[in-house]
Amino acid sequence: MTAQKIEIAFGRSHLNLRLPPGAEPHVIRKAAMPKLPDPHQAVRDALAQPVGAPPLAELARGKASACILICDITRPVPNRLFLRPMIETIHAAGVPMDQITVLVATGLHRPNEGEELAELVGDPWVLENVRVENHFARDDAMHVDLGFTEKRRVPIRIDRRLVEADLKIATGLVEPHFMAGWSGGRKVVAPGVAHHTTIRTFHSARFMEDPLAVQCNLVGNPLHEEQLDIVRKLGPVYALNTVLDEERDLAFVNFGEVIESHLATVAFVEDINQVKVPRRFKTIVTSSAGYPLDKTYYQTVKGMVTPIDILEPGGTLIMASECSEGFGSAEFMEAQARLVELGPERFLQTLTAKSLAEIDEWQTEMQLKPMRLGTIQMFTTGLTPEERRITGVEIVPSLDDAVAAAMARHGDSAIAVIPEGPYVIPVHAPAG
């Protein structure tokens, strides 16, 4: 038998995974989605026919200012398709251009500037005509204190550029999120433009270790419930939601009231991203979905968590992630260094008593989930020797050799391959 080749998302291109003779690959992809034949017209239609709200032109009439949230560079949101028509509609309704702000919802990530900001926005016209600014979660003066959520007493401190705008709009991509259930909508507000105390509360162990704070689940999910409470405190908020296919083309777009439109998008996508798999595997190969998600090891952890429902206990999960920008933050490096120094159990013990997580250590906490289940290996062309050491996983020099070795070690020729990483959620569903 000849070796089989499967393309795995990696950086701006892909890797050709060559499986050894005798391998039985089970390639897991999300369901195919028809592309929207005219994405520009689809956006215009969405703005004119919202979910649970009047048309954007009517919403903007009589307003003195507007704030449009966009996701940061880690999400491949097609901002180039919708920002200009959205801004032109708002301006035509009477809002001056100098009172329209596009705010990058960085959360606690670094700002997007220069060429990167131009790539993110995707349309020079937007940069030339309105203010495009970054959110800074550690800038106390730029946040408004709105008290606490009712159920879990999460502090609500939100960027004043959104709070004080007459028209508030979040935009984003709706895809599985390994804690909040689904990304987009209310999540672009909090943690997207929240103060670090709000974000660090969300990232504390009482949320992270909650069994309902998992991918594709909104029912009883504590993060989702708190996010809903926060957006309701802001008064009317609207959202433009997108769904992309594997080739990053637009498959769905809607606009409307932030909660209702987000739920409508989840209803469209939930059976597409979740893939029922009848068995578990001792060897799984997956990715960090390529650029831009695999720019950092910080984001790579997501790809380690999403397939664990189909990983056989004691099995091997092999990641492919370029990590072209290294770790992602100094704080995350510190957390990973503590993980390697203390070991998983002692590291988790240091987290459970905190009401506020240290910045970015929550991602290290998420890495513990697959580590509890099996062996984690990673192929990467980035990371320094010290960075590789503190990943806490085994770095492999060859993806092909790692797969062959895992198959031999486990004595099982069946291999699960997930080319698009965390955008695909395998769910163990035994037949019968």
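Residues numbered from 1 in each chain as written. Predicted model: local features only at pLDDT ≥ 70, side-chain atom pairs only at ≥ 80, totals over all residues. Heavy atoms only, no water.

A. Quick peek at the sheet that holds strand 6 (residues 131-134). Pairing within the open sheet is mixed, and its six strands lie in the order 6-5-4-9-12-13. At either margin of the open sheet sits one strand with a lone partner, and together these are strand 6 and strand 13 (250-257). Across the sheet, the mean angle separating the axes of adjacent strands is 20 degrees when strand polarity is ignored. Sheet analysis places strand 9 (residues 167-173) next to strand 12 (residues 238-244), joined by five bridges and oriented parallel. Each bridged residue has a counterpart across the sheet, and for Ile 169 the counterpart in strand 12 is Tyr 238. Contacts from helix 1 (residues 39-48) reach strand 12 and strand 13 within the one sheet, and its direction differs from that of strand 13 by about 15 degrees. Across the sheet, helix 11 (residues 258-273) touches strand 12 and strand 13, and the angle it forms with strand 13 is around 155 degrees. (Pairing = 2+ DSSP bridges. Helix = DSSP H or I, 4+ residues; strand = E, 2+ residues; numbered from the N terminus. Axes fitted to C-alpha atoms, helices over the stretch in contact; angles between N-to-C directions. Contact = heavy atoms within 4.5 Å.)

B. Quick peek at the pattern of salt bridges. With the rule as written, the count across this model stands at 26 salt bridges. One salt bridge in this structure joins Asp 249 and Lys 35, with 2.8 Å as the shortest N-O distance. Here Asp 249, found in the loop between strand 12 and strand 13, pairs with Lys 35, found in the loop between strand 3 (24-27) and helix 1; they are 214 residues apart in sequence, far enough to count as distant. By relative accessible area, Asp 249 is classed as partly exposed at 31%. Overall, the relative accessible area of 38% leaves Lys 35 in the partly exposed class. The salt bridge partner of Glu 325 is Arg 110, with a shortest N-O separation of 2.8 Å. Of this pair, Glu 325 sits in the loop between strand 16 (311-320) and helix 13 (330-342) while Arg 110 is found in the loop between strand 5 (100-105) and helix 4 (114-121), placing the two residues 215 residues apart along the sequence. (Salt bridge = Lys/Arg side-chain N within 4 Å of Asp/Glu carboxyl O. Buried < 20%, exposed > 50% of the residue type's maximum accessible area, 1.4 Å probe, protein only.)

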